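Coordinate analysis (summary)
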Amino acid sequence: MLNFIFGSIRIKLLAITGFGTLLVVAMASFGLYQGWRAILAYEELMQNEVQVHTEIAALQLAFSEQSQQWTSLLLRGEIDADRDRHWQRVVELQEQIERDTEALMARVDQPEVAALLVDFLDAYRYGFGTLKSAQDYYVDTGSADTADAMVMVIMQDNARLLQEAADQLAAQAQAESRSVGTSTRSLVGLSVVLLALSVALGFVLFLILVERGIIRPIRLAERDLERLAQGDFSQP
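Starting from 1, residues in each chain are numbered consecutively following that chain's sequence as written. Where totals are concerned, whole chains, interfaces and linings use all residues; where local detail is concerned, this predicted model gives features only for residues with pLDDT of at least 70, and gives and counts side-chain atom pairs only at 80 or more. Working from all heavy atoms in the structure, the side-chain values ignore hydrogens and water.

**Structural notes on the overall build of the protein**
Note the threshold: Elements are defined by DSSP. Helices are runs of H or I of four residues or more, strands are runs of E of two residues or more, and each kind is numbered from the N terminus. Residue burial is assigned from relative accessible area. The probe radius is 1.4 Å, only protein chains are included, and a residue is buried under 20% of its type maximum, exposed over 50%, and partly exposed in between. Whether two residues are in contact is decided by their heavy atoms, any of which lying within 4.5 Å being enough.
Of regular secondary structure, the protein possesses four helices and zero strands. Walking the protein from its N terminus toward its C terminus, one meets helices and strands in the order α-α-α-α. Evaluated residue by residue, the protein yields a buried proportion of 31% over its 236 residues. Considering only contacts within the protein whose residues lie at least 6 apart along the sequence, 75% involve residues at least 24 apart.

**Looking at the side chain of Q66**
Relative to the elements of secondary structure, Q66 occurs in helix α1 (residues 2-76). Residue Q66 is classed as buried on the basis of its relative accessible area of 2%. If sequence neighbours within four positions are ignored, Q66 has contacts with V90, L93, Q94, I97 and Y124.

**What to know about empty space enclosed by the protein**
Any empty space left between the atoms is revealed when a probe the size of a water molecule rolls over them. Quick reminder of the rule: Of the two site types, the cavity is a set of points on a 1 Å grid over the protein atoms alone where a 1.4 Å probe fits but cannot get out, and the pocket is an open set with protein on both sides within 12 Å along at least five of seven lines, each lined by residues with an atom within 4 Å of a point. Grid points are joined across faces, edges and corners, and a volume is the space filled by probe spheres set on the points.
Taken as a whole, this structure holds one cavity of 30 Å³ or more when the rule is applied. Computed from the structure, the largest cavity encloses a volume of approximately 70 Å³. Lining the largest cavity we find F63, Q66, Q94, Y124, G127, F128, L131, V151, I154, M155 and N158. Broken down by secondary-structure element, the contributors of at least two residues to the lining of the largest cavity are α1, α3 (111-141) and α4 (144-229).

**Let's talk about the confidence of the model for the protein**
Inclusion rule: Every residue gets a pLDDT, meaning the predictor's confidence in that residue, from 0 to 100.
Of all residues in the protein, 72% attain a pLDDT of 70 or more, and the chain-wide mean is 79. Across the protein, element-level confidence peaks in helix α2 (residues 80-107) with a mean pLDDT of 92 and bottoms out in α1 with 73.

**Describing the pattern of salt bridges**
Under the convention used in this document: Throughout this description, the term salt bridge denotes a Lys or Arg side-chain nitrogen within 4 Å of a carboxyl oxygen of Asp or Glu.
Scanning all chains against the criterion turns up nine salt bridges. A salt bridge links E65 to R89, with the nearest nitrogen and oxygen atoms 3.0 Å apart. Taken together, the positions of E65 in helix α1 and R89 in helix α2 put the pair 24 residues apart, joining distant regions of the chain. A residue is classified by how much of its surface remains accessible, and E65, at 25% relative accessible area, is partly exposed. By relative accessible area, which is 26% here, R89 ends up partly exposed.

**Details of the nonpolar core**
Keep this limit in mind: In this description, a nonpolar core means a group of buried Ala, Val, Leu, Ile, Met, Phe, Trp, Tyr and Cys residues linked to one another through side-chain atoms lying within 4.5 Å.
The biggest cluster of nonpolar side chains holds 30 residues, and the ones touching the most others in it are W70, I97, L104 and L131. Ignoring sequence-local partners within four residues, the contact set of W70 consists of W87, V90, L131, A134, Q135, A147, D148, V151 and M155.

**Comments concerning the side chain of T130**
With respect to the secondary-structure elements, T130 resides in helix α3. In this view, T130 contacts M150, V151 and I154; residues no more than four positions away in its chain are not counted.

**Examining the packing of aromatic side chains**
For clarity, the threshold we go by: Paired rings are identified among Phe, Tyr and Trp, the last through its six-membered ring, by centres lying within 6.5 Å, and are further divided according to the angle between planes into stacked (under 30 degrees), edge-to-face (over 60) and tilted (the rest).
For the coordinates displayed, the defined rule picks out four aromatic pairs. Consider the rings of F63 and F120, whose centres lie 6.4 Å apart with planes at 75°: the pair is edge-to-face. With F63 in helix α1 and F120 in helix α3, this pair connects stretches of sequence that are 57 residues apart. The exposure class of F63 is buried, given its relative accessible area of 8%. For F120, a relative accessible area of 0% corresponds to the buried category. Following the ring pairs from residue to residue traces out a cluster consisting of F63, F120 and Y124.

**Here's the deal with the packing of α2 against α3**
If you want to describe how two helices pack, look at the angle between their axes and the distance between the axes. Which entries qualify depends on this criterion: Axis lines are fitted to C-alpha atoms, over the contacting stretch for helices. Their N-to-C directions set the angle, which ranges from 0 to 180 degrees. Orientation is classified from the angle alone, with under 35 degrees giving roughly parallel, over 145 giving roughly antiparallel, 65 to 115 giving roughly perpendicular, and any other angle giving oblique. Polar here means any residue outside two lists: the nonpolar Ala, Val, Leu, Ile, Met, Phe, Trp, Tyr, Cys and Pro, and the charged Asp, Glu, Lys and Arg; Gly therefore counts as polar.
Where α2 meets α3, the closest approach of the two axes is 10 Å, and the angle between their N-to-C directions is 170°. By the angle class used here, α2 and α3 are roughly antiparallel. On α3, the residues touching R83, W87, V90, V91, L93, Q94, I97, E98, T101, E102, L104 and M105 of α2 are L117, V118, F120, L121, Y124, R125, F128, L131, K132, Q135, Y138 and V139. Residue composition of the contact of α2 with α3, grouped by class: 16 nonpolar, three polar and five charged.

Shown next as structure tokens:
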């Protein structure tokens, strides 16, 4: 009988301990899963933002090179071969910047940044017409100062629009990063609360199950043993 009682107690203790452990592990796993999801979301956000920043920086670099090629054209334009070589590079950069801007617009998720890129592309295409007119004027008259003045304001405006797009993207990235950080902290806090609740609930259930499954049967067994020791065999 004692072997059965102690065997039953051992089984109940194992069951109670296993249930409490399972509850704590479940809550801890939930917290780890939420943290893992937040990390993945942050990594995806950062990868996309870094890629877009890199592409905008490449656009700014190409636009700067185009401006330098235009300046070199005006400085060395007296030689036809040099002038044609620099102008050909200006045209190549124009096509590259238009193509890369269109590709970037398809990747950008932020409406404000996309709108600035649209404005830049429209102004940039319009500015190339003015640049071509200035180049023709320079070829006809040889006046580098006048040709440069014809496009200076347009080039400055295009550079400003591109910089505004880069600045807006950086602001959006910071805002999204703060949002992801806030969500992550909230999830971590929730996980800690749930873990604490699971530990408390597991402890309460442990006490209840120990009382009902172990202590109470032992007390009943003690009472029956005392009754039998006193010679009372009236109850089965």
